[in-house]
Amino acid sequence: MKLIGTGSALPTKQVTNDDLSRFLDTSDEWIYPRTGIRSRHVITTEELEDLAARAVQDALAMAGLSAGDIDLCICSNVINEWVTPGLSCVIAYKTGMHCPGIDINCGCPGFVYGMDIIDKYFRCGSVKNVVMVAAEEPTRMTAWTDRSTCVLFGDGAAAAVFTEGDAFKGSKLSAKPDPTKIWEYHLMEPTPYIDKEERDIPMQMKGRDVFKYAVTACLSDIGDLLARTGHTKDDIAYFIIHQANQRIIDAIRERLGVPQERFPSNIIDHGNSSSASCLILLDECNRKGMFKKGDLLMFSGFGAGLQSGAALLEW
């Protein structure tokens, strides 16, 4: 497959670190050195599915395709207001697509996992055009009294259109299953037979453990994928890394020994938008004209599960 269009959409409300300091015991001086974040986009009046629809429409326009040309829609999402139908169906309804939809919840590496799935469909010869959309609202998951988590996240959506081609060079998915590092519980409507304690708990995260996992898993995935495809780090034009924490990104870059200009970043004014982060960054770089034909892009995501993955794509 090959990528022929990208799009993204962000909420209009931008919340700065100074805004957060008005109701949290925190400050820009505390947040920025630890995360690299100065502000983030937060949904207020918007609906997540509307942001996703805008991203899809922009990606289709760039690709020169219509909604009716799409054979499959893969949607990566962790949390949204719809229990059923899946968010992929809601987005398809809003954009006029009449194709099957598949929802995945792979956390922050969702874009990489989605590309891996889509690649299999193309290899089977069962699709010609596919939309991948990542729509995330992680600001709904955190307790806004917990300065250790709520300062990290921002909302947004992005989409990519793939068609037949030979630009996707490979992917590597990995996991170290452990639901105790990043997790959240929602209290569901009880049945008459529930006889156990149930709690409603916002997102919990063991930051140091996640930091170590992210750096180790990212370097391992990228190293394995480079070896498998016969490339070296010097062949990669840009590393599109999940925007979780600037210190994580810097640690990965330093251990790879790659110049900073090959590690684009937007975390400073976006925060962590879960699986949408890589795709939002991809669209913004694309629309700035940063990529040229033949450039190799290395994607890497890591997060809850714990899951990680890397993918290699030729522009």
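Residues numbered from 1 in each chain as written. Predicted model: local features only at pLDDT ≥ 70, side-chain atom pairs only at ≥ 80, totals over all residues. Heavy atoms only, no water.

(A) Representation of the sheet that holds strand β8 (residues 168-175). Strand order in this open sheet of four strands is β8-β13-β12-β11, and the pairing throughout is mixed. A strand with exactly one partner marks an edge of an open sheet, and here the two such strands are β8 and β11 (238-241). Neighbour-to-neighbour, the strand axes of this sheet turn through a mean angle of 15°, independent of strand direction. The strands touched by helix α8 (residues 276-287) within the sheet are β11 and β12 (296-303), with β11 carrying the most contacts at an inclination of about 140°. (Pairing = 2+ DSSP bridges. Helix = DSSP H or I, 4+ residues; strand = E, 2+ residues; numbered from the N terminus. Axes fitted to C-alpha atoms, helices over the stretch in contact; angles between N-to-C directions. Contact = heavy atoms within 4.5 Å.)

(B) Expanded view of the pattern of salt bridges. Under the counting rule described, the total for this entry stands at 15 salt bridges. Of the charged contacts, one joins Arg253 and Glu254 as a salt bridge, the two residues approaching to 4.0 Å between their closest N and O atoms. The exposure class assigned to Arg253 is buried, which follows from its relative accessible area of 15%. In this structure, Arg287 and Asp283 form a salt bridge, with 2.7 Å as the shortest nitrogen-oxygen distance. With a gap of four residues between them, Arg287 and Asp283 both fall in helix α8, about one helical turn apart. Arg287 sits in the partly exposed class, given a relative accessible area of 47%. Among the residues examined, Asp283 registers a relative accessible area of 3% and is labelled buried. What you see here is one network of salt bridges that share partners, running through Glu81, Glu137 and Arg140. (Salt bridge = Lys/Arg side-chain N within 4 Å of Asp/Glu carboxyl O. Buried < 20%, exposed > 50% of the residue type's maximum accessible area, 1.4 Å probe, protein only.)

(C) Summary view of α8. Between the first and last C-alpha of α8 there are 16 Å, a value that for twelve residues agrees with the 16 Å anticipated at 1.5 Å per step. Of all the positions in α8, only Ala276, Ser277, Cys278, Leu279, Ile280, Leu281, Leu282, Asp283, Glu284, Cys285 and Asn286 are classed as buried. (Expected span 1.5 Å × (residues − 1).)

(D) A look at the packing of aromatic side chains. Across all of its chains, the model carries five aromatic pairs by this definition. Their ring planes at 15° and their centres at 4.9 Å tell us that Phe239 and Phe263 sit as a pair that is stacked. Here Phe239 is found in strand β11, whereas its partner Phe263 is found in the loop between α7 (246-256) and α8, with 24 residues between them in sequence. Phe263 matches Phe239 in its accessibility class, with the two residues each being buried. An aromatic cluster is present here, built from Tyr238, Phe291 and Trp315 joined pairwise through their rings. Above the plane of the ring of Tyr32 lies Arg38, whose end atom (NZ or CZ) is 3.7 Å from the centre. Above the face of the Trp30 ring, Arg147 is positioned so that its terminal group lies 4.3 Å from the ring centre. (Phe/Tyr/Trp six-rings, centres within 6.5 Å; stacked < 30°, edge-to-face > 60°. Lys NZ or Arg CZ within 6 Å of the ring centre and 35° of its normal.)

(E) Representation of the nonpolar core. Membership of the largest hydrophobic core comes to 39 residues, with the highest contact counts inside it found for Ile222, Phe239, Ile241, Ile252, Phe263, Met298 and Phe302. Those elements that place two or more of their residues in this core are α6 (207-229), β11, α7, β12 and β13 (307-314). Broken down by element, the residue count for this core peaks at nine residues, all from α6. Each residue touching Phe239, except ones within four places of it in the same chain, is listed here: Ile222, Lys233, Leu256, Val258, Arg262, Phe263, Pro264 and Met298. Counting residues in each nonpolar core, the second largest holds 35 residues, with Met1, Leu72, Ala276 and Ile280 among its members. (Core = buried A, V, L, I, M, F, W, Y, C linked by side-chain atoms within 4.5 Å.)

(F) Examining the side chain of Arg262 more closely. Within the element layout of this structure, Arg262 appears in the loop between α7 and α8. Buried within the structure, Arg262 lacks any salt-bridge partner; its nearest side chain of opposite charge belongs to Asp234, at an N-O separation of 4.4 Å. Beyond its immediate stretch of four places on either side in the chain, Arg262 contacts Lys233, Asp234, Ile236, Ala237, Tyr238 and Phe239. (Lys, Arg positive; Asp, Glu negative; His and termini not counted.)

(G) Structural view of the side chain of Thr26. In this fold, Thr26 is placed in the loop between α1 (17-20) and α2 (28-35). For Thr26, a relative accessible area of 10% puts it in the buried group. Other than its neighbours up to four places away in sequence, Thr26 contacts Leu20, Ser21, Ile31 and Arg147.

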